[in-house]
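These are the residues of each chain, in order.
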Amino acid sequence: MSFTLATWNINSVRLREPIVLKLLEEEAPDVLCLQECKSPVEKIPLEGFKALGYNHMVARGQKGYNGVAILSKIPMEEAGSEDFADLGHARHIAGKLENGVTVHNFYVPAGGDKPDREINEKFGQKLDYLTDMRDWFKAEKPEKSILVGDLNIAPREDDVWSHKQLLKIVSHTPIEVEHLAETQEAGGWVDITRQDIPAGLLYSWWSYRAKDWDAADKGRRLDHIWATGDISNSGHGSRILRDARGWEKPSDHAPVFATFDL
DNA sequence: ATGGTAGTCAAACTA
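A quick note: this is a predicted structure, and the numbers were derived from the prediction, not measured.

Conventions adopted
- Residues numbered from 1 in each chain as written.
- Chains lettered and ligands numbered in written order.
- Predicted model: local features only at pLDDT ≥ 70, side-chain atom pairs only at ≥ 80, totals over all residues.
- Heavy atoms only, no water.
- Core = buried A, V, L, I, M, F, W, Y, C linked by side-chain atoms within 4.5 Å.
- Buried < 20%, exposed > 50% of the residue type's maximum accessible area, 1.4 Å probe, protein only.
- Helix = DSSP H or I, 4+ residues; strand = E, 2+ residues; numbered from the N terminus.
- Pairing = 2+ DSSP bridges.
- Axes fitted to C-alpha atoms, helices over the stretch in contact; angles between N-to-C directions.
- Phe/Tyr/Trp six-rings, centres within 6.5 Å; stacked < 30°, edge-to-face > 60°.
- Expected span 1.5 Å × (residues − 1).
- Polar contact = N/O pair within 3.5 Å; in protein donor to acceptor, adjacent residues only side chain to side chain.
- Salt bridge = Lys/Arg side-chain N within 4 Å of Asp/Glu carboxyl O.

**Structural notes on the nonpolar core**
Moving on, step 1. Counting 29 residues, the largest nonpolar core has Phe3, Ile146 and Ile225 as the members making the most contacts within it.
Moving on, step 2. Breaking this core down by element, the ones donating at least two residues are strand 1 (2-9), strand 2 (31-35), strand 4 (68-72), strand 6 (92-97), strand 7 (102-107), strand 8 (145-150), strand 12 (223-228) and strand 14 (256-261).
Moving on, step 3. The element contributing the most residues to this core is strand 14, with three residues.
Moving on, step 4. Judged by nonpolar contacts, the second largest core, of 22 residues, contains Leu24, Cys37, Trp247 and Phe257.

**Description of the sheet that holds strand 4**
Moving on, step 1. With mixed pairing, the six strands of this open sheet are ordered in space as 3-4-2-1-14-13. Sheet topology places strand 3 (56-60) and strand 13 (235-240) at the edges, where each strand pairs with a single neighbour. In this sheet, adjacent strand axes meet at a mean angle of 15 degrees when their direction is disregarded.
Moving on, step 2. With five bridges joining them, strand 3 and strand 4 adopt antiparallel strand pairing. Considered in strand 4, the bridge of His56 is made with Ser72.

**Some details on the packing of aromatic side chains**
Moving on, step 1. A complete count under the given rule lists eleven aromatic pairs for this structure.
Moving on, step 2. Between Phe3 and Phe260, the aromatic rings sit 5.8 Å apart at their centres with planes inclined by 25 degrees, giving stacked as the arrangement. In this pair, Phe3 sits in strand 1 while Phe260 sits in strand 14, placing the two residues 257 residues apart along the sequence. Phe260 shares its class with Phe3; the two are buried.
Moving on, step 3. Judged by centre distance (5.2 Å) and plane angle (85 degrees), the rings of Phe137 and Trp189 are edge-to-face. Of this pair, Phe137 sits in helix 3 (residues 121-140) while Trp189 sits in strand 9 (residues 189-191), placing them 52 residues apart in sequence.

**Regarding helix 3**
Moving on, step 1. Compared with an ideal rise of 1.5 Å per residue, which puts 20 residues at 28 Å, helix 3 spans 28 Å between its outermost C-alpha atoms and is within 8% of the ideal.
Moving on, step 2. Of all the residues in helix 3, the buried ones are Phe123, Gly124, Lys126, Leu127, Tyr129, Leu130, Met133, Trp136 and Phe137.
Moving on, step 3. The opening residue of helix 3, the one whose side-chain oxygen lies 3.0 Å from the backbone nitrogen of Lys122, is Asn120.
Moving on, step 4. At the C-terminal side of helix 3, Lys141 shows a positive phi close to 45 degrees.

**Quick word on the pattern of salt bridges**
Moving on, step 1. The final tally for this structure, using the stated rule, is 15 salt bridges.
Moving on, step 2. With its nearest N and O atoms 2.8 Å apart, the salt bridge here joins Arg60 to Glu78. Here Glu78 lies in strand 5 (residues 76-78) and Arg60 lies in strand 3, a separation of 18 residues in the sequence.
Moving on, step 3. Residue class for Arg60 comes out partly exposed when judged on its relative accessible area of 29%.
Moving on, step 4. Across the salt bridge formed by Glu182 and Arg134, the nearest N and O atoms sit 2.6 Å from each other. Within this pair, whereas Glu182 is found in helix 5 (residues 174-187), its partner Arg134 is found in helix 3, the two being separated by 48 residues in sequence.
Moving on, step 5. Taken together, the shared-partner salt bridges connect Arg156, Asp158, Asp159, Asp191, Arg194 and Arg221 into one network.

Right, dumping it as structure tokens:
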């Protein structure tokens, strides 16, 4: 059985319902994981998603900020949600698909502007969030699982437009990269996107603030698809739908895809 | 070094 999964930071699921529907119609992933829904769960517009065959959803939401949801054509039951770093934020939801695969959908804290926890509380919260993820997965020992989401870290030199210029910019600092690596190691996670596309510049986010995001192309790979080692060999076909960054009223993130044959 | 844009929800916060 083969299924395709996509992850997309949508930056308001209600405002961007039209382009979520466009993605579901044109690309038809079996599972779509969304972050930054910025909506209470009961206000997520489900009718159009259901009409396209996405009859299953698990989600956590809050008013105005954060929020994560998994839409699925495959029957799915909720498999819990965690509040790492005790922030009280809706940043994680897990679903277990009928095929036995568990999907973890994360929205890791962005971390503010200054990469110093002494003067910027948000940066400390981001590091603590990753440390709690690490410790949880170390105990949990996940199997037959996929982890996706906006992890808000671009770990590799070719995950950013300029490694040198971003070394002190939150999302690409060595301490964040180290925390992410420890989380990945603790769960035995394999980066499926980079398994498929092992070299070369790869971005999933471009700032709204650029005059011409496409021409400037100052992107970062903040959105990830990982899988546990027991199923990582079944992952293939990774891609990032850069086109979506240029759609009407776009998110600042593009959707990331991978297919798994199980 | 600064300011640039976008979303929520109606001023300030977050990204």
